[in-house]
Amino acid sequence: MRYLKSRYSRLHSDHRRIFSGAFRVAVFLLLGKAAGALKEMAVAYRYGVSEVVDAYQFTMTLANWLPVTLVGVLSVVLIPVLVHSREDQAGKRRRFLAELHGWVIVTGVVLAVAIYVAWPWVLEWAGAGLDADTRRMSAQLTLAFAPAALLTLLTGLSAARLRARERYINTLLDSVPAVVILIWVLLAATAPGVGPLLWGTLVGYVIQSIWLLRLANQADGRVGRPVLGFTAEYWPDLVKAAGVMLIGQVAMSFVGPIDQYTAANLGGNANATLGYAARLLSLLLGLGAASVGRAALPVLADVQRRGEAQRARRLALKWSVLMLLAGAVVTVVGWWLAPWMVSLLFERGAFTADDTLRVAEVMRWGLLQMPFYFGVLVLVQLLASQNRYRIMAGIAVANFMLKAVMNQVLAPTMGVNGIMLATSLMYALSFVCYATVALRQPSPPTPASA
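A quick note: this is a predicted structure, and the numbers were derived from the prediction, not measured. (Residues numbered from 1 in each chain as written. Predicted model: local features only at pLDDT ≥ 70, side-chain atom pairs only at ≥ 80, totals over all residues. Heavy atoms only, no water.)

This brings us to the environment of leucine 197. Locating leucine 197 in the fold gives a position in helix α8 (residues 195-220). Taking the C-alpha atoms as reference points, leucine 197 and valine 53, separated by 144 residues in sequence, lie 9.6 Å from one another. Not counting chain neighbours up to four residues away, the residues in contact with leucine 197 comprise Val43, Tyr47, Val52, Tyr56, Leu141, Ile181 and Val185. (Helix = DSSP H or I, 4+ residues; strand = E, 2+ residues; numbered from the N terminus. Contact = heavy atoms within 4.5 Å.)

Written as structure tokens, this is what we have:
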């Protein structure tokens, strides 16, 4: 222990900031994922691999895809702006955040209405492979997921403000909807259909949004009344960067809906099987790569702000190699333990031993993405801190094109396993592209340019 403390104390302060931030994120993620795992256990016990879970997984993925995409863009381009604005006058920052909150609210309301109105067409197009009961339950679930679009955008904005201050409590509060769903499913054990999932989702998002806004105001100062306008000086660079980044994020955001569409056409409750495997994989991905990735962006942006571009590059490359090796270890161990993990979390009630074998096999194919996902996430933060958004968008479009083609090639012959293998191939391409770009000496960065 003394040796480890000595080695840690000799690390450069930037390495320590990433490590300590990643440790806090990992702890919060572990607690949050534990709550999510309990929720999944309750859902599996109550519903098993059934039409209800198919409807929930289908609706959650397609209704969330655009709000989550916008939050992803907002986080990547907003955090560097907030880091660079720390030394500016507080009034300028408050005005900018007030205007940003105003536009986020307007965008969220428009999205919520659009999701609810357009859902019959979504079911007709993407849900053609679902049976009538599943489509009916999916339509009911939009009563929760349509307003959740607005709440997701507000939550993402508050989370970005906290991360820019290197505070990561938002990671723990990501579990609030899962906790509320868990409580609702347990208390409404005899309620029919999707009611417990619907109300648990809606109430959970409301609580999370209000809680995070309060914490962000404490960390970053109160914003005041939201207003509509573009008077703050940060807008031109932010809008330009967001426009470029949105292209890549929209492309990548189609991965989830494509998977749901492909699974829906496979039949045999493929959506539910894919969803259970994906949630287990998200636990491993979150505890490993996401913790370092979330901690790295504000630190790398700060190093760039100090004018130490080469140091930021070396810092990211070292962490990327470390995470690549960690991901390989997770793949080997996870492949061996996959049936045990699925059985431990899900095999009870309506979830049978046969379901365990099916989900574990799908999970194993998804584990192949781990080394590449772990390794690439830090490199993504490096390019974001350098404002190289056009390159990031181009890589994202290439990833999406490979994923779309591989789904069509692999799913007909391998079933749900093929969908997961296509994801692993996509992240392998992503890692190769980002590593190639990161190893090249970048030209002097300009705001919001590639």
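Next comes the rest of the write-up.
Glancing now at α8. Relative to the 38 Å expected for 26 residues at 1.5 Å per residue, α8 spans 38 Å between its end C-alpha atoms, a close match to the ideal helical length. Glycine 221 sits one or two residues past α8 and shows a positive phi near 90°. (Expected span 1.5 Å × (residues − 1).)

Throughout the structure, instances matching the rule amount to four salt bridges. Put simply, glutamate 99 and arginine 95 hold a salt bridge, and the shortest N to O gap is 2.9 Å. Within this pair, glutamate 99 and its partner arginine 95 are both found in helix α4 (residues 90-125), separated by four residues, close to a single helical turn. On the accessibility criterion, glutamate 99 (0% relative accessible area) is buried. Ionic pairing is found between arginine 136 and aspartate 133, a salt bridge with its closest N-O pair at 3.9 Å. Here the residue arginine 136 and the residue aspartate 133 both occupy positions in helix α5 (residues 132-164), the gap between them amounting to three residues, near one helical turn. Taking the relative accessible area as the measure of exposure, arginine 136 reaches 43% and is therefore partly exposed. (Salt bridge = Lys/Arg side-chain N within 4 Å of Asp/Glu carboxyl O. Buried < 20%, exposed > 50% of the residue type's maximum accessible area, 1.4 Å probe, protein only.)

Moving on, we get to the nonpolar core. Core analysis: the biggest nonpolar cluster contains 119 residues, and Leu78, Phe96, Leu197, Met363, Tyr389 and Met392 have the highest contact counts within it. Broken down by element, the residue count for this core peaks at 17 residues, all from helix α3 (residues 51-84). When near neighbours in sequence (up to four residues on either side) are disregarded, methionine 392 contacts Val76, Met245, Val380, Leu383, Ala384 and Tyr434. Listed in part, the eight residues of the second largest apolar core include Val176, Leu212, Leu215 and Ala219. (Core = buried A, V, L, I, M, F, W, Y, C linked by side-chain atoms within 4.5 Å.)

Between its first and last C-alpha atoms α5 spans 46 Å; for 33 residues at 1.5 Å apiece the expected length is 48 Å, and the two agree. Approximately 40° is the largest bend angle found in α5, and it occurs at threonine 142. Counting buried positions along α5 yields 24 of 33 residues, so the element is predominantly enclosed. Of the residues trailing α5, glutamate 166 is marked for its positive phi of about 60°. (Bend = angle between axes of the 7 residues up to and from the residue.)

Turning to its location among the elements, phenylalanine 400 is positioned in helix α15 (residues 389-414). Judged by its relative accessible area of 22%, phenylalanine 400 is partly exposed. For the pair phenylalanine 400 and glutamine 249, spaced 151 residues apart in sequence, the C-alpha separation works out to 9.8 Å. Those residues in contact with phenylalanine 400 that lie beyond four places of it in its chain are Ala251, Met252, Phe254 and Ile258.

In this section: the environment of threonine 59. Position of threonine 59 among the secondary structure elements: in helix α3. Relative accessible area serves as the criterion here: at 0%, threonine 59 is assigned to the buried category. Along the sequence, threonine 59 and phenylalanine 145 sit 86 residues apart, while their C-alpha atoms lie 7.7 Å from each other. Beyond its immediate sequence surroundings of up to four residues, threonine 59 is in contact with Asn64, Trp119, Ser138, Leu141, Thr142 and Phe145.

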